[in-house]
Amino acid sequence: MTVAPLVLLGATGSIGTQTLEVADNLDLDVAILAARRPSGELAGLARRYPDAEVIVAGGSSGERDELAGSIGRKVGHGSDAVLAAAGARDRLVVNAIVGAAGLRATVTALEAGNRVALANKESLVAGGAVVVSALATHGGELIPVDSEHSALYQCLAGEPADSVSRLVLTASGGPFRGRARETLHEVTPEEALRHPIWDMGPRITIDSATMFNKGLEIIEAHHLFGTNYELIDVVIHPQSILHSAVEFVDGSWKGHLGFPDMRIPIQYALTAPARGPAPGSQFRLPGVELTFEEPDRDTFGAIDIAYAAGRAGGSAPAVMNAADEIAVEGFLQGRLGFLGITDVVRRTLDEVEWREIETVDDVLAADSEARSVAAGLIAGVC
Ligand SMILES: NC(=O)c1ccc[n+]([C@@H]2O[C@H](COP(=O)([O-])OP(=O)(O)OC[C@H]3O[C@@H](n4cnc5c(N)ncnc54)[C@H](OP(=O)(O)O)[C@@H]3O)[C@@H](O)[C@H]2O)c1
């Protein structure tokens, strides 16, 4: 199995650090470590990988100098440096940046013909058409890291498109599964950050509590697999053992099962179609219980909002994602209630005019407009 040197964008995050565990197990070459801030975590990683180039998108010049001094080497700086890393030839780019900030790196990496192991689902949600076109034009590869999409990718391998009747995305239901809407007014960020299964970054954890994460994943699946929204379903599966499934026209189903361990789909995105040794302990079926239920779409309005934004197309998914990023930040900072997240996204979609999307700049213009509308709505309720 040959894996190109890794460019790890978002190295300090939940996916970033798990990618490094996988890279260590497989003895892969880590060429670049990139993050947003010149943090202590990044300094620690830089020391662990003394041959890797270190890049930060932001931070003050004083903070960057301090990082460079503490690790004894140069620190690249700015979004152009991140893009240059993504666009270097013959690299495997792991995009584990959180938010729409990751879009340009995905497109740049694909334009260079690289394989992209894509954790940054926002690339496909906000800029799906642009990403798909870069993929089709430049000969790169896009392998999903999201466990559900990795599952679908593997179930769909070798299957003709017209044999598929439905994609079924599973969802754990998050920490508030089964709760009535009226009990969710007062939930705190601490409660919402306590995910029953996954230990993830703050934005995706809150998105799992509101179910916007599943909303983003519906749109992600549409672009990755070219599947109509009518053929993408969501089912609640609290154990997160079945990572997703495909129903075929002949009544057969294929599902992808295993421990809920993100190192498994991360590793597959690096090695596919080859498979390396399991990064965790052996999974055994005896004693495993699998249950399934319909999502409560009235309490968790995010699913229907996402279907509507996906079907509307154009700038609507980018607006939805940007409004959600701002609303999640407002909730975590105590400026917005939990149910306010969904309200702010819905109202931002109503207020921002729909536009055609052809380029990354079009996406980012819609994203920026939505951010300011959402911020205004949050300020209005404070
Ligand atoms: N965590 C999971 O289990 C999981 C599962 C499936 C999909 N995903 C997806 O994977 C992505 C990352 O999630 P996460 O949970 O790993 O997030 P996270 O823990 O919050 O980490 C985000 C990473 O992105 C970096 N970053 C943010 N803006 C950046 C920029 N402009 N340039 C370079 N680096 C930047 C951060 O750097 P700093 O540390 O310096 O801020 C950090 O390293 C998200 O799209 C999420 O939806 C995550």
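Please refer to the structure placed before this passage.
Model, not experiment: these values are computed from the prediction.

Turning next to the pairing of strand β3 (residues 53-56). Relative to β3, strand β2 (residues 30-35) runs parallel, the two being bridged by 4 bridges. Across the sheet, residue A34 finds its bridge partner in β3, namely I55. For the crossover from β2 across helix α2 (residues 40-48) to β3, the handedness is right-handed. Note that β3 and strand β4 (residues 75-77) share 3 bridges and pair parallel. Note that in β4 the partner of V54 across the bridge is V75. For the segment spanning β3, helix α3 (residues 61-71) and β4, crossover handedness is right-handed.

Not every one of the 24 residues close to the ligand is listed here, only the nearest: T12, R37, E122, D146 and G201. Between an oxygen atom of the ligand and a main-chain N or O atom of G10, the distance comes to 3.3 Å. The backbone of A119 places a nitrogen or oxygen atom 3.4 Å from an oxygen atom of the ligand. Protein contact buries 91% of the 900 Å² of open area that the ligand shows by itself. Residue assignment for the shell around the ligand shows that the elements contributing at least two residues are α1 (14-26), α6 (121-138) and α9 (202-210). Grouping the constituent residues of the shell around the ligand by class yields 13 nonpolar, 6 polar and 5 charged.

Considering all chains together, one arrives at 23 salt bridges under this definition. With its nearest N and O atoms 2.7 Å apart, the salt bridge here joins D361 to R104. With D361 in helix α15 (residues 360-381) and R104 in helix α5 (residues 103-111), the pair connects residues that are 257 residues apart, well separated along the chain. For the salt bridge of E247 with R166, the shortest nitrogen-to-oxygen distance reads 2.7 Å. A residue pair is termed long-range when its members are at least 10 positions apart, and E247 in strand β10 (residues 242-248) and R166 in strand β8 (residues 164-171) qualify at 81 residues. One network of salt bridges, with partners in common, ties together E122, R203, D207, D324, E325, D367 and R371.

Spatial strand order, β4-β3-β2-β1-β5-β6-β7: 7 strands in an open sheet with parallel pairing. Looking at which strands have only one partner, the edges of the open sheet turn out to be β4 and β7 (141-144). Ignoring which end each strand starts from, the neighbouring axes of this sheet average 20° apart. As defined by bridge partners, strand β1 (residues 6-9) adjoins β2 across 4 bridges and the pair is classed as parallel. Bridge assignment links L6 to a residue of β2, and that residue is V30. In the packing of α3 onto the sheet, the strands contacted are β3 and β4, and the crossing angle to β4 comes to about 155°.

On the surface, L257, L285, V288, L290 and F292 cluster together into a nonpolar patch covering about 420 Å² of accessible area. In this fold, V288 is placed in the loop between α11 (263-271) and α12 (302-312). By relative accessible area, which is 32% here, V288 ends up partly exposed.

Now for the environment of P202. Topologically, P202 is positioned in helix α9. Excluding residues within four positions of it along the chain, P202 makes contact with L193 and L332.

With that settled, consider helix α10 (residues 212-225). Relative to the 20 Å expected for 14 residues at 1.5 Å per residue, α10 spans 20 Å between its end C-alpha atoms, a close match to the ideal helical length. For α10, the buried fraction is high: 11 of the 14 residues fall into the buried class. Within the span of α10, buried status applies to F212, N213, K214, G215, L216, E217, I218, I219, E220, A221 and H222. Of the residues one or two after α10, G226 is the one with positive phi, at around 65°.

All of the buried residues in helix α4 (residues 79-87) are A81, V82, L83, A85 and A86. The inward-facing, buried residues of α4 abut β1, β2, β3, β4, β5 (92-95) and α5.

With 4 bridges connecting them, strand β6 (residues 115-118) and β7 associate as parallel partners. Note that in β7 the partner of L118 across the bridge is P144. Between β6 and its parallel partner β7, the chain crosses via α6, and the hand of that crossover is right-handed.

What follows deals with the nonpolar core. Ranked by internal contacts, the top residues of the largest apolar core, which has 48 residues, are F176, I218, V246, M320, F338 and I341. Broken down by element, the residue count for this core peaks at 7 residues, all from helix α13 (residues 316-332). When residues no more than four places from it in sequence are discounted, the contact partners of F176 are L184, V187, E191, A192, A209, F300 and F338. In terms of nonpolar packing, the next biggest core, distinct from the first, is built from 37 residues, L26, L92, V94 and L270 among them.

Thresholds applied
Residues numbered from 1 in each chain as written. Predicted model: local features only at pLDDT ≥ 70, side-chain atom pairs only at ≥ 80, totals over all residues. Heavy atoms only, no water. Pairing = 2+ DSSP bridges. Helix = DSSP H or I, 4+ residues; strand = E, 2+ residues; numbered from the N terminus. Right-handed = clockwise from strand over helix to strand, strands pointing away. Near = heavy atom within 4 Å. Polar contact = N/O pair within 3.5 Å; in protein donor to acceptor, adjacent residues only side chain to side chain. Areas by Shrake-Rupley, 256 points an atom, 1.4 Å probe, with all protein chains shown as cover. Nonpolar A, V, L, I, M, F, W, Y, C, P; charged D, E, K, R; others polar. Salt bridge = Lys/Arg side-chain N within 4 Å of Asp/Glu carboxyl O. Axes fitted to C-alpha atoms, helices over the stretch in contact; angles between N-to-C directions. Contact = heavy atoms within 4.5 Å. Patch = residues over 30% accessible without salt bridge, like charges linked within 9 Å, V, L, I, M, F, W, Y side chains within 5 Å. Buried < 20%, exposed > 50% of the residue type's maximum accessible area, 1.4 Å probe, protein only. Expected span 1.5 Å × (residues − 1). Core = buried A, V, L, I, M, F, W, Y, C linked by side-chain atoms within 4.5 Å.

Interpretation note: all reported values are geometric properties and have no functional meaning in isolation.
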